[in-house]
Amino acid sequence: MRKMYRMEPFEVTKFIEEDKKLEGCDVPYRFGKGFETSYTLNDGIWTKTEKGRIWEITFRSEGALTLNFIFRNFHLANGSCLYILNEENTMIYGPVTSSLTTRVGSFLTDLVSGDCATILIYEPYDVEGETTLTISKVVHGYRSFSVNMANGLRNI
């Protein structure tokens, strides 16, 4: 059984119009809308396996070109790993391991193609309960980086 959370629809054209007005200004490139969230390991589903357990949570933001996630309180226990898969299973992000855990506890994922993504965490039984995280933001990507990145490189 999969637990899915849907982001609220929003008017993408308003964001695109604002972005056009800001072209050429000295402002950061905006590629998406971030949804403030506070999902934790209590909000997903845990499934037991032979050597550990797997946590799963799915997010959908209709019409997104990409999704990415910002975590706080992020700590993967030794031997644990995190993956993110898009709905079509054509893109897998990970494995993210405990070696990428920072003292600050923040972590930002790469972009995952599509408007639906599932986050999976494997945690061995000998470290059960040591993994922590809060998904503090889900970002709905509505435009790509390619044009802006190419323009930036020309200016170097």
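Above this note sits the structure.
Since the model is a prediction, treat every value here as computed from it, not as a measurement.

Our focus in this paragraph is the pattern of salt bridges. Close approach of charged atoms lets side chains of opposite charge pair. Tallied over the full model, the rule gives 10 salt bridges. For Lys137, the salt bridge is made with Glu36, and the minimal N-O distance between the two is 3.2 Å. In this pair, Lys137 is assigned in strand β11 (residues 132-141) and Glu36 in strand β2 (residues 32-40), connecting sequence segments 101 residues apart. Relative accessible area serves as the criterion here: at 63%, Glu36 is assigned to the exposed category. One salt bridge in this structure joins Arg53 and Glu123, with 2.9 Å as the shortest N-O distance.

Counting 29 residues, the largest nonpolar core has Phe59, Phe69, Phe71, Leu82, Ile119 and Ile135 as the members making the most contacts within it. Of all the secondary structure elements, the ones that give two or more residues to this core are β2, β4 (52-60), β5 (66-75), β6 (81-86), β7 (92-97), β10 (116-124) and β11. Considering every element that reaches this core, the biggest residue donor is β5, with four residues. For Ile135, the contacting residues outside a window of four places in its chain are Thr37, Ser38, Tyr39, Trp55, Ile57, Phe59, Phe69, Ile70, Phe71 and Ile119.

Let's shift gears to the environment of Leu82. Tracing the backbone shows Leu82 in strand β6. Look at Leu82 and you get buried, because its relative accessible area is 0%. Discounting residues that sit within four places of it in the chain, Leu82 has contacts with Phe71, Phe74, Leu76, Tyr93, Gly94, Pro95, Val96, Ile119, Leu120 and Ile121.

Looking now at unusual backbone geometry. Residue Pro95 is bonded to the preceding Gly94 through a cis peptide linkage, with omega at 10°. For Pro95, the position within the fold is in strand β7. The phi dihedral of Asn73 is positive, around 50°, even though this residue is not glycine. Counting through the fold element by element, Asn73 comes out in strand β5. The phi dihedral of Asn89 falls on the positive side, at around 60°, and the residue is not glycine. Examined against the element boundaries, Asn89 turns out to sit in the loop between β6 and β7.

Here is what the cut-offs are and how they apply
- Residues numbered from 1 in each chain as written.
- Predicted model: local features only at pLDDT ≥ 70, side-chain atom pairs only at ≥ 80, totals over all residues.
- Heavy atoms only, no water.
- Salt bridge = Lys/Arg side-chain N within 4 Å of Asp/Glu carboxyl O.
- Helix = DSSP H or I, 4+ residues; strand = E, 2+ residues; numbered from the N terminus.
- Buried < 20%, exposed > 50% of the residue type's maximum accessible area, 1.4 Å probe, protein only.
- Core = buried A, V, L, I, M, F, W, Y, C linked by side-chain atoms within 4.5 Å.
- Contact = heavy atoms within 4.5 Å.

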